[in-house]
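Residue-level structural notes
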Amino acid sequence: MKKNSICKIIVSGLLTAVPLMGMAQQVCGNKPWSVRMAESEMVRCPESWQLDFQTRLKWDYCHGLELQAMLDVYDAYGDKKFFDYAVAYADTMIHQDGSIETYKLEEYNIDRLNSGKMLFRIYEQTKDEKYKKALDLLRSQLDTHPRNADGGFWHKKIYENQMWLDGLYMGQPFYAEYAYRNNRVNDYADIINQFVTVARHNYDPKTDLYRHACDVSKREKWADKTTGLSPEVWSEGMGWYTLVVPELLALLPKTHPNYQQVLDIYLKMCKGLKEVQDKKTGGWFMVVDKGDNPLNFVDPSGTAMFVYSIQRGVELGLLKAKEYTPVAYRGYQSLFPFIQVNDRGLLDVIGACDGVVIKKNFVEYVTVPKILNAKEAVAGILWAAVIMETEQLKK
């Protein structure tokens, strides 16, 4: 997030799955948690385009969430089936000319960039030019994507003037890595501006945390008429933001004039998270700063994202290990009650919500229905598990 074996899944071309027989579908119990979780998803979804309960082809952020995490598992343990599973989705969706099945640039949906992030690694290893063409196509969306007057990208064309924390995760790591790999150093100023703009709009000074979204026009029903802010600090929204800031810092030269500004955002955010971590469980609540409300609950999706971000900060030397390693460890341990072995021997994630949009008040956030194996929770636990396991492997 340890060993008995999983039935082979043969991945080739469009991912032809060999029928899995009875209880032979079990995932072995003494493998690392990240491997068990990834293998469980592969049994549930023999073809990688089926992730997130899909019944038809769709280029969506959900696939990128899990497949990027599986590529991390591949990097950690070297089992090529995880890489092949990710490639199968890319091969299914991307045509030889670089066009992408179901992707429509003119929709200007920043979520659609997320699955592009895994293409950097796939192109690097396969050298197949169709992936480079697809990367160029996705990058071209940013040239004309709608913005606010201060330069901040709208979350979607249909969400005028709105900046969501989710959108930072979906678009900016792609933007930053494309700039890094293509030596587009002039793009860094715009990338940093996205982080700084969201920090300015969505920051809650009372908690050092960030609200889910801001409507600069202040027209939306959920928007505060003075600030434009949404009403609550939602765990997963904060999670999206915390995931991407250390990744930007990893790419950004320390000599860059805005490096310290981004670092300060990250340090203040982690300090705020440490202060609201649940003392009893080590997790973080659905509405992060209101853990004393009996309607609130520990959210495995946001918790897993915070674990990854904090441990990543320690790994990069951005956070003091003595102070923050225990925070990440306690958060990681809080995730295990949400992981269950089902009667097929697969790992399930319980207690998480799926596809949460902006809500008008606290009660609406804490009453979102929970589902089994919500994509954000599964991917988050994969990220958290693999980074925590990698730390153990180093020892």
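Residues numbered from 1 in each chain as written. Predicted model: local features only at pLDDT ≥ 70, side-chain atom pairs only at ≥ 80, totals over all residues. Heavy atoms only, no water.

Thoughts on the overall build of the chain
Each helix and strand in the chain was counted, giving 13 helices and eight strands. The C-alpha radius of gyration of the chain comes to 20 Å, within 12% of the 21 Å expected for a compact globule of 395 residues. Taken over the C-alpha atoms alone, the chain extends approximately 60 × 50 × 40 Å along its principal axes. Looking at the chain as a whole, 59% of its 395 residues qualify as buried. For the chain, the computed accessible surface area is about 16,100 Å², with 52% contributed by carbon and sulfur atoms. (Helix = DSSP H or I, 4+ residues; strand = E, 2+ residues; numbered from the N terminus. Rg over C-alpha atoms; globule rule 2.2 N^0.38 Å. Buried < 20%, exposed > 50% of the residue type's maximum accessible area, 1.4 Å probe, protein only. Areas by Shrake-Rupley, 256 points an atom, 1.4 Å probe, with all protein chains shown as cover.)

Side note on the pattern of salt bridges
For the structure on display, the rule yields 30 salt bridges. Notably, a salt bridge pairs K81 with D79, separated by 3.6 Å at the nearest N-O pair. You can call K81 buried: its relative accessible area is 19%. We note a salt bridge from E124 to R181, for which the minimum N-O separation is 3.3 Å. (Salt bridge = Lys/Arg side-chain N within 4 Å of Asp/Glu carboxyl O.)

Regarding the layout of surface pockets
Looking at the largest pocket, its volume works out to about 830 Å³. If you go around the largest pocket, you meet 25 residues; those closest to its centre are D72, R121, E247, Y308 and R312. Contributions of two or more residues to the lining of the largest pocket are made by helix 2 (61-77), helix 4 (117-126), helix 6 (165-181), helix 8 (235-251), helix 10 (300-315) and helix 13 (375-394). Considered class by class, the residues forming the lining of the largest pocket number 14 nonpolar, two polar and nine charged. (1 Å grid on protein atoms, 1.4 Å probe; cavity = no way out; pocket = protein on both sides within 12 Å on 5 of 7 lines; lining within 4 Å. Points joined across faces, edges and corners; volume = space filled by probe spheres on them. Nonpolar A, V, L, I, M, F, W, Y, C, P; charged D, E, K, R; others polar.)

Some points on the state of the cysteines
The bond known as a disulfide is covalent and runs between the sulfur atoms of two cysteines. In total, this model carries zero disulfides according to the counting rule given. Free of any disulfide, C62 has its nearest neighbouring cysteine sulfur in C45, separated by 11 Å. Given a relative accessible area of 2%, C62 falls into the buried group. Between C353, a cysteine without a disulfide, and C62, which holds the nearest cysteine sulfur, the sulfur-to-sulfur distance is 15 Å. The buried category is assigned to C353, whose relative accessible area is 2%. (Disulfide = S-S within 2.5 Å.)

Examining the packing of helix 9 (residues 259-276) against helix 11 (residues 321-333)
Two elements in contact, helix 9 and helix 11, have axes whose closest approach is 11 Å; the angle formed by their N-to-C orientations is 55°. Classified by the interaxial angle, the pair formed by helix 9 and helix 11 is oblique. Handedness of the crossing formed by helix 9 with helix 11: left-handed. Mapping the contact onto sequence places C270, K271 and K274 in helix 9 and E323, Y324 and V327 in helix 11. The class makeup of the residues in the contact of helix 9 with helix 11 is three nonpolar, no polar and three charged. (Axes fitted to C-alpha atoms, helices over the stretch in contact; angles between N-to-C directions. Parallel < 35°, antiparallel > 145°, perpendicular 65-115°, else oblique. Left-handed = near helix turned anticlockwise from the far one by under 90°. Contact = heavy atoms within 4.5 Å.)

These figures capture arrangement, not role.
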